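# Survey of secondary and tertiary structure
Below are the chains, spelled out letter by letter.
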Amino acid sequence: MSTKVITGKVRFSYCHVFEPAAMAEGQTPKYSVSIIISKNDKLTIDKINKAIEEAKQEGKAKFGGKIPANLKLPLRDGDIERPDDDAYANSYFITASSSQAPGIVDENRDEIMTKTEFYSGCYGRASVNFYAFNQAGNKGIAIGLNNLQKLEDGEPLGGVRVSAQDDFADDDDDLA
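Remember, predicted model here, so these are calculated numbers, not experimental data. (Residues numbered from 1 in each chain as written. Predicted model: local features only at pLDDT ≥ 70, side-chain atom pairs only at ≥ 80, totals over all residues. Heavy atoms only, no water.)

## Considering the side chain of K56
Condition: A run of DSSP states H or I qualifies as a helix once it reaches four residues; a run of E qualifies as a strand once it reaches two. Both are numbered from the N-terminal end. For the exposure calls, accessible area comes from a 1.4 Å probe over protein chains only, and a residue counts as buried if that area is under 20% of its type's maximum, exposed if over 50%, partly exposed in between. Note on definitions: a residue-residue contact is assigned when non-hydrogen atoms from the two residues lie within 4.5 Å.
With respect to the secondary-structure elements, K56 resides in helix α1 (residues 42–58). Overall, K56 belongs to the buried group, its relative accessible area being 13%. Filtering out sequence-adjacent residues up to four positions away, K56 remains in contact with F63, I67, L71, L73 and I141.

## Things to note about the pairing of strand β3 (residues 30–38)
As a reminder of what qualifies: When DSSP finds two or more bridges between two strands, those strands count as paired.
Summarising burial for β3: 7 of the 9 residues are buried, a large majority. Strand direction decides the pairing type here: strand β2 (residues 10–21) and β3, joined by 5 bridges, are antiparallel. Directly across from R11, in β3, lies its bridge partner I36. Both β3 and strand β5 (residues 91–98) contribute to a ladder of 8 bridges, which runs antiparallel. Opposite I37, over in β5, you have Y92 as the bridge partner.

## As for the nonpolar core
Where a protein is soluble and globular, its nonpolar side chains tend to be buried together. In plain terms, the rule: Throughout, nonpolar core names a set of buried Ala, Val, Leu, Ile, Met, Phe, Trp, Tyr and Cys residues whose side chains join them through atoms within 4.5 Å.
F12, I35, F118, V128, F130, I141 and L148 are the most contacted members of the largest nonpolar core, which totals 29 residues. Those elements giving two or more residues to this core turn out to be β2, β3, α1, β5, β7 (123–135) and β8 (138–152). In terms of residue count, α1 provides more of this core than any other element does, 5 residues in total. Setting aside its immediate chain neighbours within four residues, I141 contacts I52, A55, K56, F63, L71, K72, L73, P74, F130, Y131, A132 and F133.

## Digging into the state of the cysteines
One covalent bond between the sulfur atoms of two cysteine residues makes up a disulfide. Worth spelling out the cut-off: A pair of cysteine sulfur atoms is labelled a disulfide when the two atoms are within 2.5 Å.
Taken as a whole, this structure holds 0 disulfides when the rule is applied. Just so you know, C15 is unpaired, no disulfide at all, and the nearest cysteine sulfur is the one on C122, 5.8 Å from it.

## A word on the pattern of salt bridges
As a reminder, the rule being used: Salt bridges are defined as contacts in which a side-chain nitrogen from Lys or Arg sits within 4 Å of a carboxyl oxygen from Asp or Glu.
Enumeration over the complete set of coordinates arrives at 8 salt bridges. Across the pair K39 and D77 runs a salt bridge whose closest N-O atoms are separated by 2.9 Å. Taken together, the positions of K39 in the loop between β3 and α1 and D77 in strand β4 (residues 76–77) put the pair 38 residues apart, joining distant regions of the chain. Residue K39 shares its accessibility class with D77, and that shared class is buried. A salt bridge links E81 to R76; its shortest N-O distance comes to 2.9 Å. A single salt-bridge network, built from bridges that share partners, covers K39, D77 and D79.

Take a look at the structure:
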C-alpha cells in the first residue's frame, strides 16, 4: 500500500501554487490548492480512502500506539461544507499543501510557469501524499502537495479577472 495518490480529473480551487500563502495569521506561508473531486469519480475516491487508511496505520506511533476516535480526516463533502458554492456541488474536496513549490505541467507534461495558465477553476490531475500529524493536541491525516497537471481550462472561480491590456484598451478616456 502507499499513501501517494495520483487523482483522476479534478478541478482546482484556492490555488496558491506559484507563491506561498498563510492560511491563517501567524502561520508559515505554504503552497496549497483545494482539489474538488466529483462524487462520480469512484476510482479517485477509493484511492484517497485507501491512502487515508494507510496513513492512519503508519501514524499509530504518533498517536500513542492506537488510532484516535476523533481523528481529523481530510476528505470533505462539498454538499455539506460548501452548500452555497456550485463548484463544490456533488463533490468531495481535499486541501493539499507543501513548503516547496509543486511542479506544474500541462497535458503534454510541459512546464507551466504563469498564473494565467494554471488558476482556480481549471481541470487536471494532482499528485499528493497522505500522512499523520499530531501537533498541539490536534491529531489527524494531512495531505502533502507534490505535483499538478493541467488538462483543460474551466470557468475561473473567485471572480473573473480582466487583463491590464483590456482595462486600458479604450483610447477615448480622458487623461486630464
